[in-house]
Amino acid sequence: MDELMVQFAIEARELVQQSSKDLLSLEANPGDRESLESAFRAIHTLKGSVALFDFGLMQDVLHRAEDLLSQARSGRIDVSAALIDPLMEVIEWVEVSIDGISRTGHLLEAQDKQAARLLGLLDIELTEGTAEPAAASAAQVPEWALALQQAVVQSDADETLIAIRYEPHSECFFNGDDPLATISRLADVRHLTLSLNGPAPSPEDYDPFRCILVIEAVSGASLKDVQAAFRLIPDQVKLIPLPKPLTERMSPVWEAAPAPSSARQRTTLRVDSARIDKLIEIAGELVTAKNGLAPLAFEARSLGNAALSRRILSSHHEIEQLVASLYTAVTRARLIPLEQTFRRFSRLVRETAPKLGKAVDLIIEGETVEADREIVEDLFEPLLHLIRNSLDHGIEPEADRIRLSKPPRGRIQLRARQSGDHVEIEIKDDGRGIDPDRVGRTAVDRGLISTSRAVGLSHKETLQLVFAPGFSTAATVSDLSGRGVGLDVVNRSIQRLGGTIELQSTPGSGTTFTLRLPVSVSMAQLMVVEAGGERYGIPISDVVETHKLPAGAVQPVRAGKAYILRDRTIPLLYLAELLQLPEARLPADDIKVLIVRVGEELIGVAVDAIAERAETLTRPLDGLLQGVSGILGTTLLGDGKVLLVLNLEELVQ
């Protein structure tokens, strides 16, 4: 596929998402002028892009959709479900069509056959708008209209001329617009003036792809005919009737919001994500190279050259700051707003809820919060599952909600907020909630836990059983998943992204899932430890504290060992034994212990020595080692040796 087609697919998807979001906003608030303008611009730009290719009737469908939005903007038809529903079908059709175009380079036959049906849907009778333009006094007539009135001679004292001021968007050429061709279609032009919208650029600064014209004209045609000539770009045009004499009361009948300033500059640049990934890889290599300077400094000192050692350490600290700044800047380049994932759920709820016989509002907050591109994209599947569960088995039918004295319309809240270097995402519904007693009984029936253990679990611990593999309380299988089905998969998906998920629920009031994820993939602070003659890395974030423990303080407890720390019994495990090292030995003197948190418990992990701390970029395992339990990945130390980075939580379980 050529570069032009690739660029079309990228931009078309963005325009589809934007128009979908705007139409959903209009459905909730028909008077939202900003969303109406935005939807029109998105459809108009999409139609202009489609015009560059031979995509069958797609241009005709988009042209008709654009025409309906134009009529809504001018107040000739009302914004209602009769308008929104067919437009949403068009957007969904275009979205599916783009996927086929991306694969084949042309519109698939299946999508092309649907165009005629969509044109029929768009050929609808809509309620005419009742909004009347506000009258204006002669003093309110703009100066440019007065100047045009003086520049033209009216042949009939009773005729009404139309003053026109057309300011094309600076990037109108890319939307398929030709300002001179548009103005040439006007009937009965009495006067025409072309000027620049600002100072004339120098020959070196002139950009032939940006329009800098202002076109002013006077036409003797009717207002309706003039409006028709500009029906697709009314936001770029102002029309003022010019009755004679001008001192009489006049009404500007059709005047749209002023066009965006031509001085608007591009603030974004599309870059292939592979290039950003390559920069992150290079930054990671710089981190490894930087770490190699510290051993050189110690070697210089051991050879008696203290001055050289100090210079090396000084360079090490300076490079460390520069590398950290570089890595932070590069990782920030990968950040994208969660909106790209969140906005896809509005349409899902809108389409799914009626099929289930329910009325549900999806409230989205914090969609501008940013996270790493990979995290944002991979969040869709787990969030999709949670929202489907809320729709299917969380929110009650309308009749049940009324009987329970709840609002007839259910409510699902999808909210994001940034907390330090993490993002918290909350999916909350006001449905029937989850009964912990039922969860406990189901877990026992399915053999996930014993009856005695189920009795001793707290309310919160019982609810966490829904994340166990094979758990489900659904009595029947529906098109959606039952509450609890596949939540173990959701949990694993979030863990793969470096996050956690928590569940809170009150029977009769609703359920809340809280996801906590890192903002970006960042350099890891590692604690390098020794066990069985080998060195391993442990994320410092996993370590609550470290301390030395006298060997005599360790006491046998059943099949294991434990010790007392601040009046609390702490289980003690040995890292060498956990890794099944062949030469594992128990220290006879003081034991170096790492205190780690596993769930709600603190566990001590004994190591032979704590060597150093290092800041590195951890690479995940691949190939045959991919998915090995207890190993987060690998990294390179300054001396070039490979270090395994451990997942202590998986090792001790």
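In case you missed it, the structure is sitting above this.
The written sequence of each chain sets the order in which its residues are numbered from 1. The predicted nature of this model means local features are confined to residues of pLDDT at least 70 and side-chain atom pairs, given and counted, to a pLDDT of 80 or more, with totals for whole chains, interfaces and linings taken over all residues. To obtain the side-chain values, all non-hydrogen atoms of the structure were used and water was disregarded.

Among all positions of helix H14 (residues 344–355), only Phe345, Arg347, Leu348, Val349, Thr352 and Ala353 are buried. Gly357, located one to two residues past H14, shows a positive phi value of around 70°. Accessibility here uses a 1.4 Å probe with only protein chains present; expressed as a share of the type maximum, an area under 20% marks a residue as buried, one over 50% as exposed, and anything in between as partly exposed. Helix and strand definitions here come from DSSP, where helices need a minimum of 4 consecutive H or I residues and strands a minimum of 2 consecutive E residues; each element is numbered from the N-terminal end.

Another aspect to go through is the side chain of Glu339. Inspection of the secondary structure assignment puts Glu339 in helix H13 (residues 339–342). Look past the residues within four positions of Glu339 in its chain and what remains in contact with it is Lys21 and Glu367. Between two residues, a contact is recorded if the distance between any of their heavy atoms is within 4.5 Å.

A few words on the pairing of strand E17 (residues 560–565). Whether two strands pair depends on DSSP finding at least two bridges between them. In this sheet, E17 lies alongside strand E16 (residues 555–557) in antiparallel orientation, the contact comprising three bridges. If you follow Val557 over to E17, its bridge partner there is Gly560. Between the antiparallel neighbours E16 and E17 lie two residues, among them Arg558 with a positive phi of about 55°. In this structure, E17 lies alongside strand E18 (residues 568–574), joined through five bridges in antiparallel fashion. Across the sheet, residue Ile564 finds its bridge partner in E18, namely Thr569. Linking E17 back to E18 in an antiparallel pair, the connection comprises two residues, with Arg566 at a positive phi of about 50°.

So, on to the packing of aromatic side chains. Here a pair means two rings of Phe, Tyr or Trp (six-membered ring of Trp) with centres within 6.5 Å. Their orientation is stacked below 30 degrees between planes, edge-to-face above 60, and tilted elsewhere. Using the criterion set out here, one finds four aromatic pairs in the structure. With centroids separated by 5.3 Å and ring planes inclined at 15°, the aromatic side chains of Phe345 and Phe380 adopt a geometry described as stacked. Of this pair, Phe345 sits in helix H14 while Phe380 sits in helix H16 (residues 380–394), placing them 35 residues apart in sequence. No difference in accessibility class separates Phe345 from Phe380, as the two residues are buried. A centroid spacing of 6.4 Å and a plane angle of 80° characterise the contact between Phe467 and Phe513, whose relative ring orientation is edge-to-face. You can see Phe467 sitting in the loop between helix H20 (459–463) and helix H21 (487–496) and its partner Phe513 sitting in strand E12 (residues 510–518), a full 46 residues away along the chain.

All quantities given are derived from atomic positions and should not be read as evidence of function.
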